[in-house]
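Chain residues, written in single-letter form:
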Amino acid sequence: MNHPRTLRTVAFCFALLMIPVGAAQTTNDPPIVVIEEISHVQSIGVFITWNYTGIYVDETPPEVLSWELYDGWELIDHGDITQNISQSNLNAESARKTWNWQFESQMQSSSADQPCNCYLKITAIDNAGNVGIDWHARYTGGWSGPAIGDHTPLLIIDQHSSSNIVSGDISIQGSVIDGDNASEESYEIPTIQWWISNDYTVDTNCRTWTLVQGADLPWINASDFEWGDIVTHEIPVTDGATGESMGNYTRFSATFSMTLDTRGLEDGSYQLLMRAVDNSDNPSLGFCTEIRIDNTAPIALISGPINITESSSNVQFDGSASSDTYWGRQDLTFLWILDGDPSGQIVTTGKDLRTFNVSAEKSGNYTLTLTVIDDAGFSSSTTIDFVISNVAPIAGARIDGVPLRDGDSLNLVNNQQWVLDCWGSEDTTNDFDTLVCTWYLNGEAIMTGKERALKYSDIEYMSDVYTLKLVVQDDDGATDELEITFGIQGTDSDLENKESSTGTQLLAYTIAVFAAIFGIAFTLQLIYRRVTSSAPIPKWKR
């Protein structure tokens, strides 16, 4: 008689879903081991031979592949099947391969007076030390006849939502099987009990669903759960010697689903333990698994400058100080939103994306928002406002390669043209290529460009003195200017001739002034003498 644990197709599909696609990829994930089918091969005397098959999925064959068979807490058989594997043709192009394994074991026939709470455990260890485990639980014996002695119920956990970080309610589905003593009393459905603990001793023994002894734990009777698919068979039992009725032997099976509320727990790692207890207070073997509780929102923090000078560099904002109170920041999702960029809103998100770079090439007012989201779905946000300030350009001009300074006066060689350029202007690297140079002659804009030719034919007879102004403007509208005076040798605008003529005129004016002053002084002297010489001659007295 076959007792398949699950459909073969389902088992394979489950394994295949967890295999990375692409032969070039490798992973360091734990291996996958699945018990596919348990079948009854033959019976010899009081012994039954059982055949067990399954699959192993990983990049390489297992270092260790072993099995253990328990009856309750008692280990009744075990073995190593590392060599009893053969590679499957499935996943030929995947990095993770599939191997089939198979073994047989003999056990004494279960009977009504010797039922078996049988648990098969398969353990696989890969070459990196990663461990994969699968369990199969089944109840044998006590089904076809009266039960003598107490039967402990069997609890099987089929599904739970505690594999990742969770918050609030945890959903659990499973099933219970029980075979009760013959009794005149009505059968009572077993009680599901649970306990959540972060005790170190419990934690060290409960890293995956495993068997635990729980006699001394403060078990809680489950209340928020529902039974389903209940099947109860009552079999009359008669005393073989007297023929008197001994009541009914009850065989019970049912599925259940339940919800545990974890909102009252602090964030952290816990162990969830469960068992079933029948009406005679006989407990099933207990199971436990690690659950990670997260009931607290993370904290979002940003560090970075708020006053930035425009440049061609990137400015980095750091969210590394963001953290979940207990779980740290490793599994946080970072969502960055930048507002104010000329190209529009910029959104970037990623796991553990702790930093965000902003180009400093465009001046303006910016707002950067960081939202951190944990695996339980809680989130928090923070915002930083910052300014990128423009740097105004500095005008710099040359004529025929000769640098100019604001306020200079110079004579140009009498050529047909002169080359003007503003390559000597200064600005930040990101703005320099976009600088606009505008040239003004005697206050009138005549041309634009970083390098232009000023032709003599265009300015001949325009003026006897020329002013040349350069205005430099960056992409933000900031400007600077430089202005000079120039003349052209051998023309009316020749500054040297003007200086010589001015000097001669000044000398003549100076001589004339001195001559006038001297003449005036001499005239005054003559007048004075005449006035003084016309006075009467004093008489001589004897």
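Residues numbered from 1 in each chain as written. Predicted model: local features only at pLDDT ≥ 70, side-chain atom pairs only at ≥ 80, totals over all residues. Heavy atoms only, no water.

For the rest of this paragraph, the subject is the state of the cysteines. Considering all chains together, one arrives at one disulfide under this definition. Two residues, Cys422 and Cys437, share a disulfide whose sulfurs are 2.0 Å apart. The S-S bond linking Cys422 to Cys437 shows a torsion near 90°; that makes this disulfide right-handed. Of this pair, Cys422 sits in the loop between β30 (417-421) and α3 (429-432) while Cys437 sits in strand β31 (residues 436-441); the two residues are 15 residues apart in sequence, bridging distant segments of the chain. Here Cys422 and Cys437 have matching classes, each one buried. (Disulfide = S-S within 2.5 Å. Helix = DSSP H or I, 4+ residues; strand = E, 2+ residues; numbered from the N terminus. Buried < 20%, exposed > 50% of the residue type's maximum accessible area, 1.4 Å probe, protein only.)

Let's shift gears to the sheet that holds strand β33 (residues 451-455). With antiparallel pairing, four strands are arranged side by side in an open sheet as β28-β27-β30-β33. Both edges of this open sheet fall to β28 (402-403) and β33, since each of them pairs with a single strand only. Judged from the five bridges that link them, β30 and β33 form a sheet pairing that is antiparallel. Each bridged residue has a counterpart across the sheet, and for Gln417 the counterpart in β33 is Lys455. (Pairing = 2+ DSSP bridges.)

The next subject is empty space enclosed by the protein. One pass over the full model with this rule turns up one cavity of 30 Å³ or more. Considering only enclosed or pocket space, the largest cavity measures out at about 40 Å³ in volume. Contributing to the lining of the largest cavity are Ile165, Asp324, Trp327, Gly328, Asp331, Leu332, Asp374 and Asp375. When its residues are assigned to classes, the lining of the largest cavity shows three nonpolar, one polar and four charged. (1 Å grid on protein atoms, 1.4 Å probe; cavity = no way out; pocket = protein on both sides within 12 Å on 5 of 7 lines; lining within 4 Å. Points joined across faces, edges and corners; volume = space filled by probe spheres on them. Nonpolar A, V, L, I, M, F, W, Y, C, P; charged D, E, K, R; others polar.)

So, about the pattern of salt bridges. Across all of its chains, the model carries eight salt bridges by this definition. A single network of salt bridges, built from pairs that share partners, joins Asp58, Glu59 and Arg96. (Salt bridge = Lys/Arg side-chain N within 4 Å of Asp/Glu carboxyl O.)

A word on the sheet that holds strand β29 (residues 409-412). With mixed pairing, five strands are arranged side by side in an open sheet as β29-β35-β34-β31-β32. If you trace the sheet from one side to the other, it starts and ends with β29 and β32 (444-448), each paired once. Taken over all neighbouring pairs, the strand axes of this sheet differ in orientation by 30° on average, direction set aside. As judged from the four bridges shared by β29 and strand β35 (residues 479-488), these two strands associate in the parallel manner. Counterpart to Leu412 in the pairing with β35 is Ile488. (Axes fitted to C-alpha atoms, helices over the stretch in contact; angles between N-to-C directions.)

A few words on the side chain of Asp58. One can find Asp58 in strand β3 (residues 47-58). Among the polar contacts made by the side chain of Asp58, one reaches the side chain of Tyr56 at a distance of 3.2 Å. With sequence-adjacent residues up to four places away left out, Asp58 is seen in contact with Asp29, Pro31, Ala95, Arg96, Lys97, Trp99 and Asp126. (Polar contact = N/O pair within 3.5 Å; in protein donor to acceptor, adjacent residues only side chain to side chain. Contact = heavy atoms within 4.5 Å.)

Caution is warranted with low-pLDDT regions, since their predicted coordinates should not be read in detail. Taken over all residues, the pLDDT of the chain has a mean of 78, while the share at 70 or more is 74%. For the stretch residues 1-26, pLDDT sits under 50, and the model shows 54 contacts to residues farther than four places along the chain or on other chains. Throughout residues 141-150 the model reports pLDDT below 50, and contacts reaching past four residues in sequence, or to other chains, amount to 24 contacts. (pLDDT = per-residue confidence, 0-100.)

Before going further, it helps to spend a moment on the environment of Ser389. Residue position: Ser389 is located in strand β26 (residues 379-389). Residue Ser389 is classed as partly exposed on the basis of its relative accessible area of 36%. For the pair formed by Ser389 and Asn307, sequence separation is 82 residues and the distance between their alpha carbons is 7.4 Å.

By the alternation rule, side chains of strand β22 (residues 333-339) split into Phe334, Trp336 and Leu338, which are all buried, and Thr333, Leu335, Ile337 and Asp339, of which none is buried. Here β22 pairs with strand β23 (residues 346-351) via six bridges, running antiparallel. Each residue of the ladder has a partner; that of Leu335, found in β23, is Thr349. In this structure, β22 lies alongside strand β25 (residues 364-373), joined through seven bridges in antiparallel fashion. Within the sheet, the bridge partner assigned to Trp336 lies in β25 and is Leu370.

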